[in-house]
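# Architecture at a glance
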Amino acid sequence: MSIAQDFELSIEFFPPQTAEGMDKLRQTRDKLAALKPSFFSVTYGAGGSTQERTFEAVFDIQAAGANAGYDAAPHLSCVGSSKDSIRAILKRYRDKGIRRIVALRGDLPSGMADPGELRYANELVDFIRAETGDHFHIEVAAYPEWHPQAKSARDDLLAFKRKVDAGADSAITQYFFNADAYEHFVAECRALNITLPIVPGIMPIASFSKLARFSDACGAELPRWMRKKFEGFGDDTESVKAFGLDVVTELCDRLLRAGAPGIHFYSMNQAELTAEIVRRLRA
Ligand code: FAD
C-alpha cells in the first residue's frame, strides 16, 4: 500500500439554506461516504442566523453515519455567545451522541459588537473540557500561513499552543497551496513540544475567481505561478478544473509523503472534485 492510500480522510460541509439544498447535501454526502471518511464536519456561523441549519445537518449526518461508519463533527464558534448558550449546545450534542467538535473563535458578523464571554478559541476549548471532561474529541484551527489578525507569526504560534494546552486533541489547518508553509509550521510546533496531529485542510479548485476572492479574505496565499496559469485560462472552465485537480492532487501527495496524518477537504458541498482527488491519491 502506498503512503497516499493509507490516510485519514475528513470532509467539510456548510449548512444548506433550503430543504432542497439539504436534499442535495444528502446526495453529496452519500457519494462521498463511499470514500470512507472518518467524519463529515459542518460549519457554524457566529451570530445566529444559520445555527439551526447546522444542527439539522449535523444530526442528519450523525443518523446516516451510525450504520455507515462515519461521524458528524459540528463546528462550534464562541465569539458573540454566552457561556449558557454554549453549554446548552454542548448538552444538545452530547444527548445526540456527538463525540467530536471543531472548536473555533469564529468571526463576528458586521454590525455585531459584543464579543461575548469567550473571546478566543483557547477559552472555548477550556470551557468544553471543564463542562464535559473527555467526552468530546476537540479539533482546533491552525494557520500555516498565519491568521490574518495575528500580531506576529510568533504570537499566532503561541496562541495555537494555548489551544493545544487547553486540551485540543487534533488540528485542521486553513487551506493553503504552499507545502513549505505547512512543513515549516509543523516543525515549529514540534520544536515547542506540540505533538498533536495537524491535518492539512485542502480546498479543491472549482472556480479561480471565487478562490481568489475567498483567499484574500482569509489570508491564504495563491502562489503567483498558479494565479498566472489560472488567469491564462480565462473562461475555459474545463482547463481550470483540470489544472486545479493536478495542482491539488500533487499538493496532497507531497503533504502525505512528508508525514501529514490525513487530509480534510473543504468540499463546498460538492462531491466531484474531492472524490476525484482521493481516487487519484489512492490509485
Ligand atoms: P483563535 O485561535 O482564537 O485565534 C484568532 C486570532 O486571535 C488569531 O490571530 C490569534 O493569533 C489571536 N489570538 C488568540 N489568542 C489571543 C489572545 N489571548 N490575545 C490576543 N490575540 C489572540 N469560522 C466560522 O465562523 N465558522 C466555522 O465553522 C469555521 N470553521 C473553520 C474551520 C477551520 C478548520 C478553520 C481553519 C477555520 C474555520 N473558521 C470558521 C474560521 C475561523 O473562525 C476564523 O479564522 C477566526 O477568525 C479565528 O478562529 P480561531 O478559532 O482560529 O481563533
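Residues numbered from 1 in each chain as written. Predicted model: local features only at pLDDT ≥ 70, side-chain atom pairs only at ≥ 80, totals over all residues. Heavy atoms only, no water.

## Looking at the nonpolar core
To keep things clear, this is the line we draw: Nonpolar core, defined: a set of buried Ala, Val, Leu, Ile, Met, Phe, Trp, Tyr and Cys residues in which side-chain atoms within 4.5 Å join the residues together. Classification of residues uses two cut-offs on accessible area relative to the type maximum, computed with a 1.4 Å probe and protein chains only: under 20% is buried, over 50% is exposed, and between them is partly exposed. Numbering of helices and strands runs from the N terminus; a helix is a DSSP stretch of H or I covering at least four residues, while a strand is a stretch of E covering at least two. By definition in these notes, contact holds between two residues if any of their heavy atoms fall within 4.5 Å.
Counting residues in each nonpolar core, the largest one holds 86 residues, and the members touching the most others are Y93, F160, F177 and I198. Broken down by element, the residue count for this core peaks at nine residues, all from helix α9 (residues 237-257). Apart from the residues lying within four places of it in its own chain, the contact partners of I198 are A142, F160, A171, T173, Y182, F185, V186, C189, R190 and P261.

## Thoughts on the site of the ligand
Defined as follows: One heavy atom within 4 Å of a molecule or strand makes the whole residue count as near it. Here a polar contact means two N or O atoms within 3.5 Å. Within protein one must be a hydrogen donor candidate and the other an acceptor candidate, and residues neighboring in sequence count only if both atoms are side-chain atoms. The protein chains shown are the only cover counted for residues, whose accessible areas, like all others here, come from Shrake-Rupley with a 1.4 Å probe. Think of a 1 Å grid over just the protein atoms. A cavity is a set of points where a 1.4 Å probe fits yet cannot get out, a pocket is an open set with protein on both sides within 12 Å along at least five of seven lines, and lining residues have an atom within 4 Å of a point. Cavities and pockets are treated as containing a molecule whenever more than half of the molecule's atoms lie within 2 Å of their grid points.
Taken together, 22 residues form the shell around the ligand, and within it Y44, D107, Y143, D156 and K163 come nearest. Interatomic distance of 2.8 Å between a backbone N/O atom of A121 and an oxygen atom of the ligand. Take H147: an N or O atom from its side chain is 2.8 Å from an oxygen atom of the ligand. When the free accessible area of the ligand is taken as 980 Å², the share hidden by the protein chains comes to 83%. Mapping the ligand onto the cavity grids shows that it belongs to the largest pocket. Elements with a minimum of two residues in the shell around the ligand: α5 (153-166) and β6 (170-173). Top element by residues in the shell around the ligand is α5. It accounts for four residues.

## Topic: the layout of surface pockets
We count it as follows: Grid points are joined across faces, edges and corners, and a volume is the space filled by probe spheres set on the points. Under the grouping applied here, Gly and all other residues not named as nonpolar or charged are polar, the nonpolar ones being Ala, Val, Leu, Ile, Met, Phe, Trp, Tyr, Cys and Pro and the charged ones Asp, Glu, Lys and Arg.
Considered as a void within the structure, the largest pocket measures approximately 1700 Å³ in volume. Contributing to the lining of the largest pocket are 48 residues, with L104, G106, D107, Y143 and Q174 lying nearest its centre. For the lining of the largest pocket, the element with the highest residue contribution is α5, accounting for seven residues. For the lining of the largest pocket, the per-class residue count stands at 27 nonpolar, 13 polar and eight charged. Each pocket or cavity is described by its volume, and for the second largest pocket that value is around 680 Å³.

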